[in-house]
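# Analysis of the macromolecular model
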Amino acid sequence: MTEIGHIDYDEIEVDKSATYHSLKDRVVIITGGGQGIGRGYAHYFAAQGAIPVIAELNGEAGERVAEEVRAKQGRALAVQTDVADLDSATNMAERTLAEYGRIDCLINNAAVFSRITMAPFWELPVEEWKSAVDVNITGSFFCARAVVPAMQEAKWGRIVNVSSATFVMGLPNYLHYITTKSAMVGMTRSMARELGPWNITVNTFWPGVMQTEVERPSVPRERFKEYTERQSIKRQGTIHDLAKAMLFLCSEEASYISGQNLQPDGGLTFI
């Protein structure tokens, strides 16, 4: 079995074996795109000729990823964004439209997770519960609300709400995270019904547990090993595994898929 190790994105080149010509020139907003998996998505979409918009609370981190994309001759825009604030989410959409005149895809990737408290739910800090709800649920709602008018006008769009394979497992001591990520499924299904008439697809993305450059005190190292051993595919997932699946969901090739769950988790969960 492959050793579970820390992933250094600076050492990983984009795997260009997956090619989706329909993504060329598409404008793709990635919330939480300034680090971790979101950062990887930005590089993968740029390699397809798409234009990633890095909507990131940490403005410096977002601009750093945009510069990384530009250094590889890609196009990118960084917009400092607090997804839990409606005005900030609206500004994100307005800045994108002002720069490119369109919004094709939204990946609701931003989430509170890496440094959350692990505890029985009756011991969880109330403010931490509220923060998880504000970012993980309300933030996705605000961002989708902000971008939908442009997609409706274009009669084309992709919204991907990022959930997690962990919620299927009902893990103890993560109630705030598990609850908010399970909400993504219901949100996706209702959005898919409402937006279908405009040729806008909405799907839920359930990545498995993987390590990135973001330290995660909330997931002990032993837990990564345990999950990998439970998977059908006995290796740790990589950004390549997740990003290539995400490219597909946002492409024209996935135009007849909506309201569904895609689980790139190595066979950790089945539903």
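Definitions and limits used
- Residues numbered from 1 in each chain as written.
- Predicted model: local features only at pLDDT ≥ 70, side-chain atom pairs only at ≥ 80, totals over all residues.
- Heavy atoms only, no water.
- Core = buried A, V, L, I, M, F, W, Y, C linked by side-chain atoms within 4.5 Å.
- Buried < 20%, exposed > 50% of the residue type's maximum accessible area, 1.4 Å probe, protein only.
- Helix = DSSP H or I, 4+ residues; strand = E, 2+ residues; numbered from the N terminus.
- Contact = heavy atoms within 4.5 Å.
- Pairing = 2+ DSSP bridges.
- Phe/Tyr/Trp six-rings, centres within 6.5 Å; stacked < 30°, edge-to-face > 60°.
- Lys NZ or Arg CZ within 6 Å of the ring centre and 35° of its normal.

## As for the nonpolar core
- Among the nonpolar cores identified, the biggest contains 34 residues, and Val28, Tyr41, Phe45, Ile107, Phe205, Met246 and Cys250 are the most heavily contacted of them.
- Of all the secondary-structure elements, those providing two or more residues to this core are strand E1 (27–31), helix H1 (36–47), helix H2 (59–71), strand E4 (105–108), strand E5 (157–162) and helix H8 (239–250).
- Element by element, the count of residues in this core is highest for H8, at 8 residues.
- Not counting residues up to four positions away in its chain, the partners in contact with Phe205 are Tyr41, Val160, Asn161, Val162, Ser163, Ser164, Leu242, Ala245, Met246, Leu249, Leu262 and Pro264.

## Considering the pairing of E4
- What you see with E4 is no split at all: Cys105 and Ile107 on one side and Leu106 and Asn108 on the other are buried throughout.
- As judged from the 3 bridges shared by E1 and E4, these two strands associate in the parallel manner. When the bridges of E4 are listed, Val28 appears paired with Cys105.

## Overview of the environment of Gln35
- Within the fold, Gln35 resides in the loop between E1 and H1.
- As a C-alpha pair, Gln35 and Ile54 span 19 residues in sequence and 9.7 Å in three-dimensional space.

## Describing the packing of aromatic side chains
- Per the counting criterion, the structure on display carries 5 aromatic pairs.
- Between Tyr20 and Phe248 the ring centres are 6.4 Å apart and the planes differ by 50 degrees, which places this aromatic pair in the tilted class. Of the two residues, Tyr20 sits in the segment before E1 while Phe248 sits in helix H8, which places them 228 residues apart along the sequence.
- Taking relative accessible area as the criterion, Phe248 reaches 26% and is therefore assigned partly exposed.
- Ring centres of Phe121 and Trp122 lie 5.2 Å apart, and the angle between their planes is 80 degrees; on these two criteria the pair is classed as edge-to-face.
- Looking at Phe121, the relative accessible area reads 53%, which means it is exposed.
- Exposure remark for Trp122: the relative accessible area of 62% places this residue in the exposed category.
- The positively charged end of Arg26 is found above the aromatic ring belonging to Trp156, 3.6 Å away from the centroid.

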